[in-house]
Amino acid sequence: MKITNLLIAAVVSVGLTFGVAAQAKEKKHHEEESVSSADVPAPVQKAAEAEAKGGKIVRWEKEGADYEAVIDKNGKEWGVKMDANGKVLSKHDESKEKGEKGEKY
């Protein structure tokens, strides 16, 4: 009986450990990292400049293999996510993203 309880406790512990490790890995995958414009590939910079027309790129972020240019245009910040070749993947209102994360810049 004691061995059965010990085995159950060990199996549950291992399961919880792997679950926490998997969550940590997934969270890290979705984290944004600020990068310098010097670290952004030329095709990505060119695509961002085309998207910014009339605005200004205020910062760069990297998420996994993708890049995001945060563009200030007419007093509003927009995030433009691109792959490493400069293909635009998505655009979003950056103020909404800050609100979701509780961030302040």
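To continue, consider empty space enclosed by the protein. The final tally for this structure, using the stated rule, is 1 cavity of 30 Å³ or more. In this model, the largest cavity occupies a volume close to 30 Å³. Lining of the largest cavity is provided by E32, E61, K62, E63, D66, Y67, E68 and K81. Broken down by secondary-structure element, the contributors of at least two residues to the lining of the largest cavity are β2 (56-63) and β3 (66-73). A breakdown of the residues in the lining of the largest cavity according to their chemical character gives 1 nonpolar, no polar and 7 charged.

Moving on, we get to the environment of Q45. Considering the arrangement of structural elements, one finds Q45 in helix α2 (residues 42-52). For Q45 and M82, which are 37 residues apart along the polypeptide, the C-alpha to C-alpha distance reads 9.7 Å. Setting aside anything within four residues of it in sequence, one finds Q45 in contact with S37, V40 and W60.

This part is about the confidence of the model for the protein chain. Taken residue by residue, the protein chain gives an average pLDDT of 82. The fraction at 70 or more is 75%. Counted against residues more than four places away or in other chains, residues 100-105, with its pLDDT under 50, gives 5 contacts.

What counts, and at which threshold
Residues numbered from 1 in each chain as written. Predicted model: local features only at pLDDT ≥ 70, side-chain atom pairs only at ≥ 80, totals over all residues. Heavy atoms only, no water. 1 Å grid on protein atoms, 1.4 Å probe; cavity = no way out; pocket = protein on both sides within 12 Å on 5 of 7 lines; lining within 4 Å. Points joined across faces, edges and corners; volume = space filled by probe spheres on them. Helix = DSSP H or I, 4+ residues; strand = E, 2+ residues; numbered from the N terminus. Nonpolar A, V, L, I, M, F, W, Y, C, P; charged D, E, K, R; others polar. Contact = heavy atoms within 4.5 Å. pLDDT = per-residue confidence, 0-100.

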